[in-house]
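# Results of the structural survey
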Amino acid sequence: MIDGGDICPLRHSHKTAHARLTLVEGFKLRVKRRCLSSFLVQHYSIERLSGGTTFLIRTPGPLAIGRQHQHDGRGQRQSVRSLPPSLIAIGHCKAMVARSTGEIRPPKLPPALETTSLLDGGAEEEDEVDQTGPDPEVSAVEERADEERLYGKEGWGREKDISAGTRLGAIFMLLFTPTLSFYFLASCTNYQCSLSAPIWDIFHSAHPMQTWLSWFPTPTWRASIGYALWVITQGILYVIVPGKIGYGQRTPAGYLLPYRVNGLNVYILTHVAFAVSVYYGIISAGIIAHHWQGLFVAANVYGYLLTIFAYVKARYWPSHPEDRKWSGSIWYDLMMGVEFNPRIGKLWDFKLFHNGRPGIIAWTLIDISFAGAQYEKLGYVTNSMWLVIFLHGLYVVDFFYNEDWYLRTIDIAHDHFGYYLAWGDTVWLPFMYTLQAQYLFYNPIDLEWYAAVAVFSLGVGGYWIFRTANHQKDLVRSTDGKCTIWGKPAQVIRTVYVTSDGAVHKSLLLVSGFWGWSHQFNYVGDLLLSFAMCAACGLHHLLPYFYIIYMFILLNHRIWRSEKRCRAKYGKYWEEYCERVPYKLIPGVY
Ligand SMILES: NC(=O)C1=CN([C@@H]2O[C@H](COP(=O)(O)OP(=O)(O)OC[C@H]3O[C@@H](n4cnc5c(N)ncnc54)[C@H](OP(=O)(O)O)[C@@H]3O)[C@@H](O)[C@H]2O)C=CC1
Ligand SMILES: CC(C)=CCC[C@@H](C)[C@H]1CC[C@H]2C3=CC=C4C[C@@H](O)CC[C@]4(C)[C@H]3CC[C@]12C
């Protein structure tokens, strides 16, 4: 039996507004007691009425519900109590849904109602609001939801109305990011990772065009086939390797999606297979490093095809049409994506797969392969390379160990699937996040023992802050605030927010622990760890420090995005959080 949860009222002026709902067999619908007296329910049979507020519908079929809401002096205003909007098919609800989403949705059950497992633990901790009497807080939020539907505000999901500057920014990113990754590749493979030497060479060359063309990596069959096998194998492992089912955050349209969480098993399996293949001489440890340029071409081809596929799929075969966002700019839509959770079937999720499989599993494999290539060159592996492998490994293994947590971070809970994640995961992540290992292959250095200890301590300390802060947030939400943080009961702000289906949900914001120090103290830990990864390469070149510069920009941009989104999502509760925790990143500074 499935609990129907709260049903949201939609206010409008017509006298006979109603909704048609197709209910599954055995569906249990909970109705707020304050609404029951004036409920008109037709076309189904009530088998049992329990406690005056709950009734059980046995027969599948259409259901119309209407109720008188209130008088406004000019006549009667009617309300419709409806299940989530994918169920709404007719009457005035249709007009409202059409306005808020740009389309009329077919009556179908949202995933949150299709699976009973949502109710037996593991589901998102946020509940739909269940109340037995009028609650002014909830009513105010419901009214805000009504108004946003009626007057076309877009809610708290990804931006739709973008400025000219944002459009230009998208075009800039589409051009700048491939150029930068190409330049870094050229710098390492031709100039030992010097950032100035390539430019210098172009300026002093008699044939600058030829010099520039000579940097272009050439595709090779071996790298292309190897890359294709890699992606296909990871795609299959994503499906067949056992793992639990985790749940993301409620989407702006109200979905609560299940994810296959088997990353740690796949990560271990892949690394063991690599080690065994090297041990038995099937491949050399340096195989990835030796085919680096050909792999760059193959990854780019895949990244661009995936971006185009994501865009076309969003238009013609969307998985959840209500969660799409069209901005009106093809460049912005290509860059930031249109579909929120593109999927094949119920569980093969493009975003989790690409964010969390071929790119990030390859991260430590690439490091190990460059270490293998360094070993072939020097006869040993430098302590700096070991440090880089360790710090990257800590970060990546943590990611897989806590994969369920990742489902509720910005990437999965907010970002749509476009070039940013498609190309980003397939090219940017494996080729830019591994720059330190690439650098150390071309410029091997051994750190003094005290420098190595300092880098190690900084990295582990940063990691501890990163993990502790992330854990505090996840813990407080999974226990509904009933937990202790640093030995004291967690302090939280209880919030309500609405999804675009008009449903009202509860959530909470932590105001103690690291989340009482600043809005994103987890980023401070990440930045310290990122700096340690770069510092492991010594102080001779700028290139290995690219990662900390990039992370600083990326995380600051995220703070800005998250603030904007949380303000729209939580309204006055976010204001209260900002009053209680005024700093965004570094307490006392910013
Ligand atoms: N190496 C890399 O390239 C990158 C790594 N990262 C790391 O990944 C991790 C996840 O990052 P990210 O998704 O950006 O951020 P978070 O996991 O910190 O998620 C931010 C969201 O948490 C919720 N939130 C904000 N304040 C509170 C609070 N006080 N209590 C409870 N919830 C709150 C808000 O969303 P809501 O309420 O809707 O849940 C907010 O948007 C971070 O540790 C980061 O360092 C991030 C980006 C890049
Ligand atoms: C410029 C450009 C195209 C950006 C690339 C986008 C993605 C490759 C990265 C954006 C966000 C990154 C991540 C976020 C959070 C993470 C959790 C952490 O524990 C491990 C790393 C990561 C998954 C990280 C991976 C790269 C991104 C998806």
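Starting afresh in each chain, residues are numbered from 1 along the sequence in its written order. Chain labels run from A onward and ligand labels from 1 onward, assigned in the order the entries are written. Owing to the predicted nature of the model, reporting of local features is limited to residues with pLDDT of at least 70; listing and counting of side-chain atom pairs is limited to 80 or more, with chain, interface and lining totals taken over all residues. To get the side-chain values, take all heavy atoms of the structure and skip hydrogens and water.

Note the cut-off: UniProt positions are given in the numbering used here, feature names are shortened, and annotations may be inferred rather than shown by experiment.
Where an unreviewed UniProt entry is consulted, the chain appears under the name 7-dehydrocholesterol reductase, with the organism given as Saitoella complicata. What UniProt records for the chain under Subcellular location (unreviewed entry) is the sentence "Membrane". Database annotation for the chain, UniProt heading Sequence similarities (unreviewed entry): "Belongs to the ERG4/ERG24 family."

## Let's talk about a nonpolar patch on the surface
Short version of the rule: What goes into a patch is any residue over 30% in relative accessible area without a salt bridge, connected to like charges within 9 Å or, for nonpolar side chains (Val, Leu, Ile, Met, Phe, Trp, Tyr), within 5 Å. Computed with a 1.4 Å probe, the accessible areas rest on the Shrake-Rupley method; for each residue, only the protein chains presented here act as cover. Whenever a carboxyl oxygen of Asp or Glu lies within 4 Å of a side-chain nitrogen of Lys or Arg, that contact is scored as a salt bridge. Working definition: helices are DSSP H or I runs of at least four residues, strands are E runs of at least two. Numbering for both runs from the N terminus.
A surface patch of nonpolar side chains, about 700 Å² in accessible area, is lined by I268, V272, V276, Y279, Y280 and I282. Mapped onto the fold, Y279 is located in helix 9 (residues 263–279).

## Some points on the site of ligand 2
Rule in force here: If a single non-hydrogen atom of a residue is within 4 Å of a molecule or strand, that residue counts as near it. Charged residues are taken to be Asp, Glu, Lys and Arg, nonpolar residues to be Ala, Val, Leu, Ile, Met, Phe, Trp, Tyr, Cys and Pro, and polar residues to be all remaining types, Gly included.
Around ligand 2 lies a shell of 17 residues, among which D411, Y420, G424, W428 and R558 are the nearest. Coverage of ligand 2 by the protein chains reaches 94% of its 610 Å² of free accessible surface. Elements with a contribution of two residues or more to the shell around ligand 2: helix 5 (164–191), helix 15 (383–401), helix 16 (403–406) and helix 18 (419–432). In terms of residue class, the shell around ligand 2 is made up of twelve nonpolar, two polar and three charged.

## Overview of the state of the cysteines
What counts is decided by this rule: Any two cysteine sulfur atoms lying within 2.5 Å of each other are counted as a disulfide.
Following the criterion strictly, the structure yields one disulfide and no others. Disulfide partner of C188: C193, at an S-S distance of 2.2 Å. Where C188 bonds to C193 through sulfur, the torsion about that S-S bond is close to 110°, and the disulfide is right-handed. In this structure C566 is a free cysteine whose sulfur lies 8.8 Å from that of C578, the closest cysteine sulfur available.

## Some remarks on unusual backbone geometry
Backbone geometry at C193 places phi at a positive 70°, although glycine is not the residue there. Inspection of the secondary structure puts C193 in the loop between helix 5 and helix 6 (197–204). The backbone of W486 sits at a positive phi, close to 50°, despite the residue not being glycine. Tracing the backbone through its elements, the reader meets W486 in the loop between strand 14 (484–485) and strand 15 (488–489).

## Structural notes on the pairing of strand 11 (residues 258–261)
For clarity, the threshold we go by: Per-residue accessibility, obtained with a 1.4 Å probe over protein chains only, is compared with the maximum for each type, and a residue is labelled buried under 20%, exposed over 50%, and partly exposed between these values. When DSSP finds two or more bridges between two strands, those strands count as paired.
Burial along strand 11 is two-sided: the face carrying P258 and R260 and the face carrying Y259 and V261 are both buried. Across four bridges, strand 10 (residues 244–247) lies against strand 11 in antiparallel orientation. Within the sheet, the bridge partner assigned to Y247 lies in strand 11 and is P258.

## Some points on the packing of aromatic side chains
Centre-to-centre distance and the angle between the planes together describe a pair of aromatic rings. We count it as follows: Centres within 6.5 Å make a pair out of two Phe, Tyr or Trp rings, where for Trp the six-membered ring is used; the pair is then stacked when the planes are under 30 degrees apart, edge-to-face when over 60, and tilted otherwise. Here, a charge over a ring means that NZ of Lys or CZ of Arg falls within 6 Å of the ring centre while also lying within 35 degrees of the ring normal.
The final tally for this structure, using the stated rule, is 51 aromatic pairs. Ring centres of W405 and Y406 lie 6.2 Å apart, and the angle between their planes is 55°; this geometry places the pair in the tilted category. Geometrically, the ring pair formed by Y419 and W423 is stacked, given 4.9 Å between the ring centres and 10° between the ring planes. Of the two residues, Y419 and W423 both sit in helix 18, four residues apart, roughly one turn of that helix. Pair check on accessibility: Y419 and W423 agree, each one buried. If you follow R315 out to its NZ or CZ, it ends over the ring of W326, 4.5 Å from the centre.

## Topic: the packing of helix 9 against helix 14 (residues 358–378)
Basically, it comes down to this: Axis definition: a line fit to C-alpha positions, over the contact stretch in the case of helices; interaxial angles, taken between N-to-C directions, run 0 to 180 degrees. Angles below 35 degrees are treated as roughly parallel, those above 145 as roughly antiparallel, those between 65 and 115 as roughly perpendicular, and all remaining angles as oblique. Definitions for this section: a left-handed crossing has its near helix turned counterclockwise from the far helix by less than a right angle. A right-handed crossing has that turn clockwise. The contact criterion used is simple: two residues touch if any of their non-hydrogen atoms lie within 4.5 Å.
The contact between helix 9 and helix 14 brings their axes to 10 Å, and the two run at 25°. In terms of their interaxial angle, helix 9 and helix 14 are classed as roughly parallel. The two elements helix 9 and helix 14 cross, and the hand of that crossing is right-handed. Only I361, T364, L365 and I368 of helix 14 make contact with helix 9, whose side of the interface consists of V266, Y267, T270, H271 and F274. For the contact of helix 9 with helix 14, a count of residues per class yields six nonpolar, three polar and no charged.

## Focus: the site of ligand 1
Definition in use: Here a polar contact means two N or O atoms within 3.5 Å. Within protein one must be a hydrogen donor candidate and the other an acceptor candidate, and residues neighboring in sequence count only if both atoms are side-chain atoms.
Close to ligand 1 lie 30 residues; Q249, I410, Y523, D526 and Y570 are nearest. Within the side chain of Q520, an N or O atom sits 2.9 Å from an oxygen atom of ligand 1. A distance of 3.2 Å separates a nitrogen atom of ligand 1 from a polar atom in the side chain of Y547. Listed by contribution, the elements that provide at least two residues to the shell around ligand 1 are helix 20 (449–478), strand 17 (504–510), helix 21 (521–535), helix 22 (546–570) and helix 23 (572–580). Considering each element in turn, the shell around ligand 1 owes the most residues, ten residues, to helix 22. Among the residues forming the shell around ligand 1, the class breakdown is 18 nonpolar, six polar and six charged.

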